[in-house]
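Each chain, letter by letter, is given below.
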Amino acid sequence: MIPQSLLLTRAPEAGVEDLQTYRDAGGYDALKTSLASLTPPNIIQILAAAELRGRGGAAFPVSRKWELARAAESDVKYVVANGGEHEPGSRKDRLLISQFPHKVIEGLAIAAFATGAHAGYLYIIEDMADALASAQRAIADARAAGFLGSNILGSGFSFDIEIALAPPTYVAGEETAALEVIEGRKAWPRKKPPYPGQSGLFGKPTTINNVETLAAVPAILRHGPDYYKSLGVRGGAGTFLVTLDERVARPGVYEIPVGTPFREAIERFGAGVKSGRPIKAILPALSSRFLPAAALDTPMTPDAVRAAGSGLGCAGISFIEEGESIVPRVLQISQFFMKEQCGQCSACRMETNTLAMVMKNVAAGNGGEYAAQIDKIINFAKGKGYCSLIEMAAAPVQSALALFPEDFAAAAAGR
Ligand SMILES: Cc1cc2nc3c(=O)[nH]c(=O)nc-3n(C[C@H](O)[C@H](O)[C@H](O)COP(=O)(O)O)c2cc1C
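Everything quoted here is computed from the prediction, not taken from an experiment.

Novice: Describe helix α8 (residues 175–182), and please don't skip the residues or the numbers.
Specialist: It helps to recall that an α-helix has 3.6 residues per turn; residues three or four apart then point in one direction. When you tally the buried positions in α8, you get seven out of eight residues, the bulk of the element. The complete set of buried residues in α8 reads T176, A177, A178, L179, E180, V181 and I182. Of the surrounding elements, those touching the buried residues of α8 are β1 (78–83), β2 (119–125), β3 (160–166) and β4 (206–210). Positive backbone phi, approximately 95°, marks G184, located one or two places after α8.

What follows is the structure in structure tokens.
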């Protein structure tokens, strides 16, 4: 029987999926098949047919990223699994590395074969002690079993993985900041272009994918792209992980079909809103735009959520409820971005600090000319800076003000 769950194949209580358990369920078969009978272009075609898109936030098609890296001419190339997850409200990558490390390792090994890399990094936040222990053990076991190292399974292909630890900051998850950390510098994003696929780690072509993206790859190769695609609903392809916060009756990380509407994810998987109150606005990820309750039936595909005016990000879903002002939540988010901006780009420093200051004034009942100030600072900062944190910090504030100006007016007037 082919499973509906491709990522979370065991309940959390069942513990870490170790090498034997993973192999018993067909683990490393996709790597074996890839090395024995597929070419890199074959693998990339399969991922294109599966319509696999990145799960790190931008939903970039995996086949396009891998093809660029494959085609890049260089003796040395790298692959990186990005587990720099530090967004409050998202716990999916931590869960995958802790509990399903072999899926990530196999996905990274296939990425290496498909793009022509012989060295890879599993990049994780240094405070993820459980994930680190699990990853170390799994890499050692995979190496001992011949799935990593030189001449893997007698194929002539060699590849190995090192773990790289990131500081516990939000920006450390940005792909070029991750490359800086792996090279031994602080977590500051690089100016782009060049993109990592052209000039990444140590100046060499580098493919960096989110941990969840890579974990999906072995199952796609094993079951075929048509089957994978068929798991999606309403125009979506495959499955993905969402994190539902403590406002639902059953918070946690769930694997759901891509294309599931927000409402269904909250009701069916999260067992509904804990308080029983109607939802007033939904935030698909901390760095995205609030959507009104009318958007609750939007299918969670990257394109449909974009068309509705927001972005899926890493799908750490939260919401506010009827009868609740949006202002305290926006204040909290703006303070998060002020604290997490890395300090490198002056426009970002200025924007995040000003937004947090304006929101503090609004929440304290000293609003002043807040709407004009918010617009002005966001318009000034737009498109500046080395990474998109500037846009991320602006999105929740600007959308909340557009949707619920009355909440801002009431708070600013001390009501
Ligand atoms: C401020 C910032 C933080 C980010 N944090 C993460 C992260 O923790 N994990 C991640 O996979 N991508 C993160 N990203 C996105 C990465 O830069 C990159 O797009 C992603 O790792 C690509 O993987 P994918 O194509 O598989 O989605 C972040 C981006 C920005 C701007």
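On we go.
Novice: Which residues make up the site of the ligand, and what values go with them?
Specialist: Inspection of the region around the ligand gives 18 residues, with G56, K65, E175, N210 and T213 positioned closest. G84 is positioned with one of its backbone polar atoms (N or O) 3.0 Å from an oxygen atom of the ligand. In this structure, E85 approaches the ligand through a main-chain N or O atom, which is 3.3 Å from an oxygen atom. Contact with the protein chains removes 90% of the 620 Å² of surface that the ligand exposes when unbound. Every element with two or more residues in the shell around the ligand is listed here: β4 and α16 (389–403). The dominant element in the shell around the ligand, judged by the number of residues it contributes, is β4, at three residues. Grouping the constituent residues of the shell around the ligand by class yields four nonpolar, nine polar and five charged. Both of domain 1 (12–223) and domain 3 (327–412) provide at least three residues apiece to the shell around the ligand.

Novice: Tell me about the pairing of strand β7 (residues 279–283), and please be specific about residues and values.
Specialist: With five of its five residues buried, β7 lies for the most part within the structure. Sheet topology note: the β7/strand β8 (residues 291–292) ladder contains two bridges and is antiparallel. Paired with I282 across the bridge in β8 is L291.

Novice: Please give an account of the sheet that holds β1 that cites residues and values.
Specialist: The parallel open sheet is built from four strands, whose spatial order is β3-β2-β1-β4. Each edge of the sheet is formed by a strand with only one pairing partner; in this case those strands are β3 and β4. Each adjacent strand pair in this sheet contributes to an overall mean axis angle of 20°, direction not counted. As paired strands, β1 and β2 are joined by six bridges and run parallel to one another.

Novice: An account of the nonpolar core is requested, with residue identities and associated values reported.
Specialist: Across soluble globular proteins, nonpolar side chains show a tendency to be buried alongside one another. Of all hydrophobic cores here, the largest spans 113 residues; its most connected members are W66, L96, L122, Y123, F159, I374 and F408. Among the elements that make up this core, the one with the highest residue count is helix α6 (residues 101–115) (nine residues). Ignoring anything within four residues of it in the chain, the contact list for L122 reads A81, I97, V104, A135, I139, I161, E162, I163, A164 and V211.

Novice: Requested: an account of the packing of aromatic side chains, with residues and values cited.
Specialist: Enumeration over the complete set of coordinates arrives at 11 aromatic pairs. Taking 6.4 Å as the distance between ring centres and 45° as the angle between the ring planes, the aromatic pair formed by Y78 and Y121 counts as tilted. Placement of the pair is Y78 in strand β1 and Y121 in strand β2, with a sequence separation of 43 residues. Both rings, one in Y170 and one in F336, keep their centres 5.3 Å apart while their planes meet at 75°; by these two values the pair is edge-to-face. Pair noted here: Y170 is in the loop between β3 and α8 and F336 is in helix α13 (residues 327–340), with a separation of 166 residues, a long-range link. One aromatic cluster in this structure is built from Y22, Y28 and F147. Over the ring of W188 we find K186, and its NZ or CZ is 4.0 Å from the ring centre. Looking at K280, its charged tip hangs above the ring of F404, at a distance of 4.8 Å from the centre.

Novice: Can you explain the sheet that holds strand β6 (residues 252–257)? Please cite residues and give values.
Specialist: Strands sit in the order β6-β5-β9-β7-β8 across an open sheet of five strands; the sheet is mixed. The sheet is open, and its two edges are formed by β6 and β8, each paired on a single side. With two bridges joining them, strand β5 (residues 239–244) and strand β9 (residues 316–321) adopt parallel strand pairing. By the bridge assignment, T243 is partnered in β9 with G316.

Novice: Can you break down the packing of α6 against helix α7 (residues 129–144) residue by residue, with the values?
Specialist: Interaxial distance between α6 and α7 falls to 9 Å at its minimum, and their mutual angle equals 55°. For the element pair α6 / α7, the angle class is oblique. The interaxial crossing formed by α6 with α7 has right-handed handedness. Counting all contacts with α6, which are made through P101, H102 and I105, the residues of α7 involved are S134, A135, A138, I139, D141 and A142.

Novice: I'd like a description of helix α4 (residues 62–71), backed by residues and values.
Specialist: Of the residues making up α4, those classed as buried are V62, S63, W66 and A69. Summarising the axial view, the buried residues of α4 lie within an arc of 130°, below the 170-degree limit, and thus occupy one face. Turned more than 90 degrees away from the buried face of α4 sit R64 and L68, all of them exposed. Those residues of α4 that are buried are in contact with α3 (40–50), α6, β4 and α9 (211–223).

Novice: Describe the layout of surface pockets, with residues and values.
Specialist: What the second largest pocket holds in volume is close to 240 Å³. Counting residues per element, the ones that place at least two in the lining of the second largest pocket are β9 and α13. Grouping the constituent residues of the lining of the second largest pocket by class yields six nonpolar, four polar and four charged. Inspection of the lining of the second largest pocket shows a minimum of three residues originating in each of domain 2 (239–321) and domain 3 (327–412).

Parameters and conventions
Residues numbered from 1 in each chain as written. Predicted model: local features only at pLDDT ≥ 70, side-chain atom pairs only at ≥ 80, totals over all residues. Heavy atoms only, no water. Buried < 20%, exposed > 50% of the residue type's maximum accessible area, 1.4 Å probe, protein only. Helix = DSSP H or I, 4+ residues; strand = E, 2+ residues; numbered from the N terminus. Contact = heavy atoms within 4.5 Å. Near = heavy atom within 4 Å. Polar contact = N/O pair within 3.5 Å; in protein donor to acceptor, adjacent residues only side chain to side chain. Areas by Shrake-Rupley, 256 points an atom, 1.4 Å probe, with all protein chains shown as cover. Nonpolar A, V, L, I, M, F, W, Y, C, P; charged D, E, K, R; others polar. Domains from an automatic or database assignment. Pairing = 2+ DSSP bridges. Axes fitted to C-alpha atoms, helices over the stretch in contact; angles between N-to-C directions. Core = buried A, V, L, I, M, F, W, Y, C linked by side-chain atoms within 4.5 Å. Phe/Tyr/Trp six-rings, centres within 6.5 Å; stacked < 30°, edge-to-face > 60°. Lys NZ or Arg CZ within 6 Å of the ring centre and 35° of its normal. Parallel < 35°, antiparallel > 145°, perpendicular 65-115°, else oblique. Left-handed = near helix turned anticlockwise from the far one by under 90°. Arc of directions from axis to C-beta. 1 Å grid on protein atoms, 1.4 Å probe; cavity = no way out; pocket = protein on both sides within 12 Å on 5 of 7 lines; lining within 4 Å. Points joined across faces, edges and corners; volume = space filled by probe spheres on them.

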